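Examining the three-dimensional arrangement
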Amino acid sequence: MVDQKLDTLRTIIKDLDRVVVAFSGGVDSTFLLKVAVEVLGTDRVLAVTADSETYPSSELLEAKRLAEELNVHHRVIETSELAIPGYAENTQNRCYFCKKSLFEHLLPIMKDQGYQNVVYGLIADDMSEHRPGTRAAQEMGVRAPLQEAGLYKEEIRALSRELGLSTWNKPSFACLSSRIAYGEHITMEKLTKIDQSESYLKRLGLGQVRVRTHGEIARIEVEPKEMPLVLQHHQDIVEKLRSFGYTYVTLDLLGYKSGSMNQVLVGLSS
């Protein structure tokens, strides 16, 4: 079944001919880039990474390393989500504004450099979640080959491992703005303290971690199996996150959940 999906993915990519890949260095976009290069060859694939306030510098370095490892043409562009009208207000349509702006940067590159399509790493799992960015992709003709092939995250991880990609077990990542409660204004100060907090927690040995931000409250999400490590260092964690700007530091006993901020969307207006 998974092999059939991989064959479908390869057929989709082959038909796209020459592609610009929106490349973050995460599990999905790395797998998409790897298959694109295998199918089309390096001269018909361009990876583009958008460097912005919501993208940690550590992830940019990782994207550069992976692009070099895959021997692909790679371009880094500067973008600013906070400069996008409607983004900083942090409504439930925030991701629409972000993806629309990203694709508005990528489509001219595609045309100027002689490529035929822009693709990004939307997957089958995402179709059951709140993903306003998919509307921007549909409006602008940007393709999502992984989702079109029906590939789910666990299948992509398994295939990535078979292909020898170091990202096969990389923790999932989303932009730093996804940590801020809807309705709270997004600022550079908030993004910085989230980045500092998560980087510190990862240095303690935590894998999948989110520091959800609700005003002055930091709500830490980790996998349940890693909660003992948080409790072991609880005093140091509290002191460190307070030094970054939080007043209260909490541990969510439900553990990490992708898109957990979306649970409060009912009743919010756009």
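The model shown is predicted, which means the values in this text are computed figures rather than measured ones.

**Looking at the side chain of Thr30**
Summarising the element assignment, Thr30 is placed in helix 2 (residues 27-40). Of the polar contacts made by the side chain of Thr30, one reaches the backbone oxygen of Gly26; its length is 2.6 Å. In this structure, Thr30 is in contact with Phe23, Gly25, Leu66, Leu70, Leu165 and Thr167, ignoring residues within four places of it in sequence.

**A word on the UniProt feature "domain: NAD/GMP synthase" (unreviewed entry) in the protein**
Per the UniProt record, the feature "domain: NAD/GMP synthase" (unreviewed entry) sits at residues 16-81. Taken end to end, residues 16-81 has its terminal C-alpha atoms 29 Å apart, with 42% of it in helix and 26% in strand.

**Remarks on the environment of Ala88**
Note on placement: Ala88 falls in the loop between strand 3 (73-78) and helix 4 (94-112). On the accessibility criterion, Ala88 (10% relative accessible area) is buried. Residues Ala88 and Lys170 lie 82 residues apart in sequence; the distance between their C-alpha atoms is 29 Å. Apart from the residues lying within four places of it in its own chain, the contact partners of Ala88 are Leu82, Glu184, His185 and Ile186.

**Some details on the sheet that holds strand 2 (residues 45-51)**
Taken together, 4 strands build an open sheet; the order of strands is 3-2-1-4 and the sheet is parallel. Where the open sheet ends on each side, the last strands, each with one partner, are strand 3 and strand 4 (117-119). Across the sheet, the axes of successive neighbouring strands diverge by a mean angle of 25°, strand direction being ignored. Sheet analysis places strand 2 next to strand 3, joined by 6 bridges and oriented parallel. Counterpart to Ala47 in the pairing with strand 3 is His74. Strands in contact with helix 3 (residues 57-69) are strand 2 and strand 3; relative to strand 3, the strand with the most contacts, it is inclined by about 160°. Of the strands in this sheet, strand 1 (19-22), strand 2, strand 3 and strand 4 are in contact with helix 4, which crosses strand 3 at around 135°.

**Description of helix 1 (residues 2-16)**
Over its 15 residues, helix 1 runs 21 Å from end to end, which matches the ideal 21 Å to within 8%, given 1.5 Å per residue. Buried within helix 1 we find Lys5, Leu6, Leu9, Ile12, Ile13 and Leu16. Considered in projection along helix 1, the buried side chains sweep an arc of 120° and stay on one side of the axis. Those residues of helix 1 that are exposed and angled more than 90 degrees off the buried face are Asp3, Gln4, Lys14 and Asp15. Elements that come into contact with the buried residues of helix 1 comprise strand 1, helix 2, strand 4, helix 6 (145-148) and helix 7 (153-162). Asp17 sits one or two residues past helix 1 and shows a positive phi near 75°.

Definitions and limits used
Residues numbered from 1 in each chain as written. Predicted model: local features only at pLDDT ≥ 70, side-chain atom pairs only at ≥ 80, totals over all residues. Heavy atoms only, no water. Helix = DSSP H or I, 4+ residues; strand = E, 2+ residues; numbered from the N terminus. Polar contact = N/O pair within 3.5 Å; in protein donor to acceptor, adjacent residues only side chain to side chain. Contact = heavy atoms within 4.5 Å. UniProt positions renumbered as here; feature names shortened; annotations may be inferred. Buried < 20%, exposed > 50% of the residue type's maximum accessible area, 1.4 Å probe, protein only. Pairing = 2+ DSSP bridges. Axes fitted to C-alpha atoms, helices over the stretch in contact; angles between N-to-C directions. Expected span 1.5 Å × (residues − 1). Arc of directions from axis to C-beta.

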